[in-house]
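Residue-level structure breakdown
These are the residues of each chain, in order.
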Amino acid sequence: MVKKTSMYDEHVELKGKMVEFANYLLPIQYTSIVDEHLAVRQRVGIFDVSHMGEILIEGKNAIAFVNYLVCSDISKIQSSRIKYSLLLNEKGTIIDDLLVYCLSETKLLLVVNASNKEKDYKWITDNKIAGIKITDKSDSYSQIAIQGPLSKTILTHIVNADFLPKKYYSFIEKVNILSHEVLISKTGYTGEDGYEIYGEGDAIKDIFNSLIQLGITPCGLGSRDTLRLEAGMPLYGHEMNEDITPLNTSLEFFCKLEKDYFIGKENLVDKGITRVGLFNLDKGIIRENMEVFFENNLIGSTTSGTFLPYLKGSYAMAIIDKKYSLENTVVDVKIRNRFVKAKVVKLPFYKRKKVGV
Amino acid sequence: MENELLYSESHEWVKWISETEAYVGLSKYAAAQLGDIVYINIDAQEVSVKDVLGDIESVKAVSDFYSPLEGEVIEVNQEIVDNPALITEDAENVWICKIANIKNKVKLLSKKEYEAFIEE
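Rules behind the numbers
Residues numbered from 1 in each chain as written. Chains lettered and ligands numbered in written order. Predicted model: local features only at pLDDT ≥ 70, side-chain atom pairs only at ≥ 80, totals over all residues. Helix = DSSP H or I, 4+ residues; strand = E, 2+ residues; numbered from the N terminus. Rg over C-alpha atoms; globule rule 2.2 N^0.38 Å. Buried ≥ 20, exposed ≤ 12 C-beta atoms within 10 Å, placed from the backbone. Contact = placed C-beta atoms within 7 Å. Expected span 1.5 Å × (residues − 1). Arc of directions from axis to C-beta. Nonpolar A, V, L, I, M, F, W, Y, C, P; charged D, E, K, R; others polar. Domains from an automatic or database assignment. Pairing = 2+ DSSP bridges. Axes fitted to C-alpha atoms, helices over the stretch in contact; angles between N-to-C directions. Core = buried A, V, L, I, M, F, W, Y, C linked by C-beta atoms within 7 Å.

Things to note about the overall build of chain A
Along its length, chain A carries seven helices and 20 strands. For 357 residues, the compact-globule formula gives about 21 Å, and the C-alpha radius of gyration of chain A, at 20 Å, lands near that figure. Considering only C-alpha atoms, chain A reaches an extent of 65 × 50 × 45 Å along its principal axes. Out of the 357 residues in chain A, the part that is buried amounts to 46%. Long-range pairs, those at least 24 residues apart, make up 65% of the contacts in chain A with a sequence separation of at least 6.

Below, the structure written as structure tokens:
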């Protein structure tokens, strides 16, 4: 059965165009993807991301266990800190990407993709070691993301700035907002400064409503996707899947081969392909699953692509033969029945300017 | 009532200029479904009814733009090629292309009939 989040009625009230995504009814947009995208780049927007999965890992060896499951090194993770990582299968290909929240030495919260949560839970459980307790907490958490240069400003209307995490990829486990206890992390998926708040359905709904009252722009899944693409962030099912290793999708930074062991390590092979950014030099919009050629030779295909609202152009990510991955290489992309010229450009396409507040 | 817009079931509108010439545009309903329109490319010249005139692309998706008429594309509205957002803003007041030597047409609906059709 398709699920509604605790903010479903609010989305409908705000005229969100509701769609089914990963078994949840969520707004794809309220007014326009472009407007919502720009609101996040220039001001602040809010996303209902309650569909994300949360898996709690508890036990004396919780850190060692998760370190064995993921390819980055989280052995030194400290309480209140977060690490981005990847779950690999024995073949060394990607099961999912995730965030590891360290609640304590014996308690880690894994935040995983909505469409993968059952698969991840099963995989983690199948690889369980003695003394570890694994709980799927997905149904007990609602989650919102507050993203944009004014995210701190708007949040300080309802919570003292001292209770907001300061460092990127850190969190505060118990913060009281509007008489609710919630977890706040300084994280996001837009390339802007921002926070994500986790808590019970009623708590998150109250916070959502009060921020809407304060003038935050509600944003849907559409702009979530264009924002992450503009920021060069990979998305599972596009830049990552069970046919690709981290080495071949420009995620080698998160793959610590010097680590003694992690699942998939012995089979990690570099197939000579990599993820690049493409900028369309011609007319039209490059989208996902379009073939990329260099002088009539097929060298790969695009994994995501659209018109990026802030940069105002047709951009895509593609996985192609490494030989052609140097910046400024000009390739041909097949858009339906015609070809356009595109240039390999540096990722991310957009990087926020760091300004002192 | 000659200047009234008529609609095809594939969501284009037709505005007759004479018996053999007409402007073609996109219905407001279709524009709203597509969302922010960011690119339009009309590359057909001679078209039969239901032939593809070109592409209309929004942030969300690409969509074929079909010809409700058989004839010759004699002009493309440069204003909307340069600024496709005009369609998103006011689809039924901006034409996309002009077709001449019209020899045939699909079934065209009045505004009322079209509204009933999209209600279904």
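Back to the text.
Here's the deal with helix 6 (residues 201–213) of chain A
All names here are of chain A. Over its 13 residues, helix 6 extends 18 Å from the first C-alpha to the last, a length consistent with the 18 Å expected when each residue adds 1.5 Å. Residues of helix 6 that are buried include every one of Ile204, Lys205, Ile207, Phe208 and Leu211, and no others. Along helix 6, the residues classed as buried sweep out an arc of 165° about the axis, all on the same side. Within helix 6, the exposed residues directed more than 90 degrees away from the buried face are Asp202 and Gln213. In this structure, the buried residues of helix 6 make contact with helix 1 (8–13), strand 4 (45–48), strand 10 (142–147), helix 5 (151–155), strand 11 (171–177) and strand 13 (194–199).

Focus: the interface of chain A and chain B
Each side of the interface is counted separately: chain A has 13 residues, and chain B has nine residues. Per-class residue counts for the side of chain A that touches chain B are five nonpolar, six polar and two charged.

Considering the domain arrangement of chain A
All names here are of chain A. Domain annotation of chain A identifies domain 1 (3–50 + 141–230), domain 2 (54–129) and domain 3 (272–345). Distance from the C-alpha centre of domain 1 to the C-alpha centre of domain 3: 32 Å. The set of elements that each furnish at least two residues to the side of domain 1 that touches domain 3 consists of helix 2 (33–42) and helix 7 (221–230). It is helix 2 that contributes the most residues to the side of domain 1 that touches domain 3, four residues altogether. Taken together, the residues of the side of domain 1 that touches domain 3 sort by class into three nonpolar, two polar and two charged.

Digging into the sheet that holds strand 7 (residues 62–66) of chain B
All names here are of chain B. Taken together, the three strands give an open sheet; going across it, the order is 4-6-7, and neighbouring strands pair in antiparallel fashion. Because the sheet does not close on itself, it has two edges, and the strands there are strand 4 (37–42) and strand 7. Direction aside, the axes of adjacent strands within the sheet are offset by 20° on average. Bridging between strand 6 (residues 52–58) and strand 7 involves five bridges; their strand directions are antiparallel. Each residue of the ladder has a partner; that of Val52, found in strand 7, is Tyr66.

Regarding the nonpolar core
In terms of nonpolar packing, the biggest core is built from 61 residues, with Val66, Val100, Leu108, Leu110, Ile144 and Ile146 of chain A touching the most fellow members. Top element by residues in this core is strand 7 (residues 94–104) of chain A. It accounts for six residues. For this core, the two domains that each supply at least three residues are domain 1 (3–50 + 141–230) and domain 2 (54–129) of chain A. Each residue touching Ile146 of chain A, except ones within four places of it in the same chain, is listed here: Val44, Ile46, Ser151, Ile154, Leu155, Gly194, Tyr195, Leu211 and Ile216 of chain A. The next biggest cluster of nonpolar side chains, apart from the first, holds 57 residues, and it includes Ala342 and Val344 of chain A together with Leu26 and Ile56 of chain B.

Focus: the pairing of strand 8 (residues 69–76) of chain B
Residue and element names in this part refer to chain B. As defined by bridge partners, strand 5 (residues 46–47) adjoins strand 8 across two bridges and the pair is classed as antiparallel. Residue pairing across strands places Val47 opposite Gly71, the latter belonging to strand 8. The pairing of strand 8 with strand 9 (residues 97–105) spans six bridges and is antiparallel. When the sheet's bridge partners are listed, Val73 is paired in strand 9 with Ile99.

Describing the sheet that holds strand 3 (residues 24–29) of chain A
Residues and elements named next belong to chain A. Strand order in the open sheet formed by three strands is 1-3-2, and the pairing between neighbours is mixed. The open sheet is flanked by strand 1 (3–4) and strand 2 (17–21), the only strands paired with a single partner. Contacts from helix 7 reach strand 2 and strand 3, with the element oriented near 65° to strand 3.

What about unusual backbone geometry?
Residue and element names in this part refer to chain A. Cis geometry is found at the peptide bond from Leu347 to Pro348, where omega equals -5°. Counting through the fold element by element, Pro348 comes out in the segment after strand 20 (338–345). For Lys15, which is not glycine, the phi torsion reads 65° and is therefore positive. Residue Lys15 is classed as exposed on the basis of its C-beta count, with 12 C-beta atoms lying within 10 Å. We note that Asn328 has phi near 75°; this positive angle belongs to a residue other than glycine.

A few points about the environment of Asp9 of chain A
With respect to the helices and strands, Asp9 of chain A occurs in helix 1. Sequence spacing of Asp9 of chain A and Tyr84 of chain A is 75 residues, and the spatial spacing of their C-alpha atoms is 32 Å.

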